[in-house]
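Letter by letter, the chains look like this.
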Amino acid sequence: MSIQEFTQRSLRSILAYVAPPAVLLIGIVAFWEFYVDWRDISIIVVPPPSAVVERFFENPDFFWKEGGYTLYEATLGLMFGSSVAIALAVLMAHSKLAERTFLPLAIVIKVTPLVAIAPVLVIIFGFGTTPKIIVAALLSFFPTLINAMTGFRDVNEGAHSFLRSVHASPWQVFWKLRVPSAMPYLFAALKVTYPLALIGAVVAEWFTGDRGLGLVIFSANANLDTPTLFVAIGVLAITGVTINIVLSVIERRVLFWHESVRSTTT
Amino acid sequence: MANTEYHVSLHDLTHVFDDGRRSLTALSSVTIDVPPGQFTSVIGPSGCGKSTLLRLAGGLLTPSEGTALVDGEPPRKAQRAREIGFVFQDPSLLPWRTVAKNIALPLEVDHLERTRELPDLAELLDLVGLSEFRDYHPYELSGGMQQRVALARALAFNPTLLLMDEPFGAVDEITRSALRYELLRIWERHGGPAGRKTVLFVTHSVSEAITLSDRVIVLSGRPGRVRADIAIELPRPRTEEMEQTEPFLDYAAQLRRLLKEDAQ
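How each quantity is defined
- Residues numbered from 1 in each chain as written.
- Chains lettered and ligands numbered in written order.
- Predicted model: local features only at pLDDT ≥ 70, side-chain atom pairs only at ≥ 80, totals over all residues.
- Helix = DSSP H or I, 4+ residues; strand = E, 2+ residues; numbered from the N terminus.
- Buried ≥ 20, exposed ≤ 12 C-beta atoms within 10 Å, placed from the backbone.
- Axes fitted to C-alpha atoms, helices over the stretch in contact; angles between N-to-C directions.
- Parallel < 35°, antiparallel > 145°, perpendicular 65-115°, else oblique.
- Left-handed = near helix turned anticlockwise from the far one by under 90°.
- Contact = placed C-beta atoms within 7 Å.
- Pairing = 2+ DSSP bridges.
- Nonpolar A, V, L, I, M, F, W, Y, C, P; charged D, E, K, R; others polar.
- Expected span 1.5 Å × (residues − 1).
- Core = buried A, V, L, I, M, F, W, Y, C linked by C-beta atoms within 7 Å.
- pLDDT = per-residue confidence, 0-100.

Trainee: Which parts of the structure should I look at to understand unusual backbone geometry?
Mentor: What is expected of a backbone is that most residues other than glycine have negative phi and most peptide bonds are trans. Residues and elements named next belong to chain B. With omega at -5°, the peptide bond leading from Arg236 into Pro237 counts as cis. Structurally, Pro237 can be placed in the loop between β9 (226-231) and α8 (246-263). Within the chain, Asp71 stands out as a residue other than glycine whose phi angle is a positive 55°. Tracing the sequence through the fold places Asp71 in the loop between β4 (65-70) and α2 (75-80). Asp71 gets classed as buried once you count the C-beta atoms within 10 Å, which come to 21. Even without glycine at this site, Asn158 takes up a positive phi of about 50°. For Asn158, the position within the fold is in the loop between α5 (143-154) and β6 (161-165). Using a count of 20 C-beta atoms within 10 Å as the deciding quantity, one classes Asn158 as buried.

Have a look at this one:
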């Protein structure tokens, strides 16, 4: 297969995946534009897409910068929450006592509505970056904990026995067997927790906002500046989609051996 | 105390699995002595504790009663000396590693100075006929090839004792028959200074047991007990033609009768 042929083929396959949703999206946007104009709906209630795009291009740097803050807080929170979750999962995968101790408390964190926690965090930590990181961390904690624990335990029975039969230490079993076995679970968790961390950061910014897209949404809402509201939502959506694409690309490289990846490439 | 006349000594082994609610006796008073270099098969109905027996001999389980010794010492000691090579029914390779890295896995856990000579990777790959596949991943190989990787991995330390738990149970019949003779060829060639390796081989195939073994031990159904201990006095090297000869067929009839009686 020549390089030209190869590029043609991969272009065609990308097109096959991108074209249908793109056509649908364009259709929805066109209908939206047309409908708002036809029914003469006020820009305060539903702005036409053209007004939203126009608002973005009036000051794109502003939106990217605020989005950057939110992404930064979400990422730090995600890293923090995931690290704690993974450390606990290691303990829980090795000890039933640890599981019985931590799991009920983890479930309490999971079922507590975050909107209720955010004001408390403001009182404790003030208006800085800390409460946002904590909310993002809390949201990403539970899925990571459960997936990591399952992953560390889901090791091939024979491979584990083999390692024990050659007197491998628990430490060696952990690094050579448990960690790679858990990778598919950790990637699955990450695809859920990164968007959750973004939500957490935005919600925290509503309550404690000094910057970020949450604040933009909050104040645009208060000022009935609906086009800005829509731009903020759009920037969040684009950020989420980009994260997902990047994660998928990394996943394909790291988990080349796993059936979830192999079944979609061949 | 060390009775090193036998390589593997299982004395009065009883094993009970107990999860707190139910208990299941897998083995009951099993005594088997295996001299060095002997190829011994253990055959019996499903659930008779064959795998448990092997795991006890390899030190992966501790018996509820009785003693399991390898070279006159607890099996943990043989594990530490890397004298045990395990092969399981499921090839249980690490899917993220290439063939070569799977075979080298046991060497990575080892920090001892080796006194015995270890086969190098190229030699092991050649031995199992996978030299051209060294950089492949397990999912690119057939079941039979994966099992050959598992065998090479078990041989990486050049252990004196091979414990094989229905290693060809998951491959198709034709591959299975080929693998059987390949294992014999490897066993006969890959002896090392200590003579041939001692092999404990669990199977539920009668013809496999006869083809491979110096001795076949028949276990009864749950809980497993030694029902018969039969020496297979066929000349070596064993050949496929031998499977049609009268002594072979007599052994097969004898073993089938024993297994059948037990099923009733």
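Trainee: What exactly am I supposed to notice about the packing of helix α8 (residues 170-208) of chain A against helix α9 (residues 213-222) of chain A here?
Mentor: The description of two helices packed together rests on the angle between their axes and the distance between the axes. Residues and elements named next belong to chain A. Put simply, α8 and α9 touch, their axes get as near as 7 Å, and they point 50° apart. As summarised for this structure, α8 and α9 are arranged oblique, according to the angle between their axes. By crossing handedness, the relation of α8 to α9 is classed as right-handed. Along its contact with α8, which presents Ala201, Val202, Val203, Ala204, Glu205 and Trp206, the element α9 presents Leu213, Gly214, Leu215 and Phe218.

Trainee: I tried to follow the sheet that holds β9(B) on my own but got confused; where do I start?
Mentor: Consider a sheet: its strands pair through backbone hydrogen bonds, and that pairing is either parallel or antiparallel. All names here are of chain B. If you trace the 6 strands from one edge of the open sheet to the other, you get β5-β6-β7-β3-β8-β9, paired in mixed fashion. In this open sheet, the two edge strands, each paired with only one partner strand, are β5 (84-87) and β9. On average, adjacent strands in this sheet sit at an angle of 15° to one another, irrespective of strand direction. Where strand β8 (residues 215-219) meets β9, 5 bridges bridge the pair, whose relative direction is antiparallel. Bridged to Arg215 within β9 is Ala231. Helix-sheet contacts for α5 involve β5 and β6, and the interaxial angle to β5 is about 170°.

Trainee: It is not clear to me how the interface of chain B and chain A should be interpreted in this structure. Could you clarify?
Mentor: Bring the parts together and some accessible area is lost; that lost area is often taken as the interface size. Taken together, the contact pairs 18 residues of chain B with 15 residues of chain A. Broken down by secondary-structure element, the contributors of at least two residues to the side of chain B that touches chain A are α2 and β5 of chain B. Among the residues making up the side of chain B that touches chain A, the classes are represented as 11 nonpolar, 4 polar and 3 charged.

Trainee: Looking at this structure, how should I read helix α10 (residues 226-254) of chain A?
Mentor: For α10(A), spanning 29 residues, the distance from its first C-alpha to its last is 42 Å, which sits close to the expected 42 Å at 1.5 Å a residue. Of all the residues in α10(A), the buried ones are Pro227(A), Thr228(A), Leu229(A), Phe230(A), Val231(A), Ala232(A), Val235(A), Leu236(A), Thr239(A), Ile243(A) and Glu251(A).

Trainee: Teacher, can you tell me more about the nonpolar core here?
Mentor: Considering soluble globular proteins, one finds that nonpolar side chains tend to be buried as a cluster. Ala57(B), Ala152(B), Leu163(B) and Leu200(B) are the most contacted members of the largest nonpolar core, which has 73 residues in total. Considering every element that reaches this core, the biggest residue donor is α5(B), with 6 residues. Discounting residues that sit within four places of it in the chain, Ala57(B) has contacts with Val8(B), Leu10(B), Ala68(B), Val70(B), Pro75(B), Leu163(B) and Leu200(B). Phe63(A), Ala106(A), Phe187(A) and Phe207(A) belong to the second-largest nonpolar core, a separate cluster that totals 53 residues.

Trainee: What is the right way to look at the confidence of the model for chain A in this model?
Mentor: Taken over all residues, the pLDDT of chain A has a mean of 90, while the share at 70 or more is 97%. Of all the helices and strands in chain A, helix α11 (residues 259-265) of chain A carries the lowest mean pLDDT, 72, while helix α3 (residues 60-94) of chain A carries the highest, 95.

Trainee: Looking at this structure, I do not really get the packing of helix α2 (residues 49-58) of chain A against α10(A). What am I missing?
Mentor: Residues and elements named next belong to chain A. Where α2 contacts α10, the two axes come as close as 8 Å, and the packing angle between them is 80°. Taken together, the axis directions place α2 and α10 in an arrangement best described as roughly perpendicular. Here Ala51, Val52, Arg55 and Phe56 of α2 come into contact with α10, specifically with Pro227, Thr228, Phe230, Val231 and Gly234. The class makeup of the residues in the contact of α2 with α10 is 6 nonpolar, 2 polar and 1 charged.

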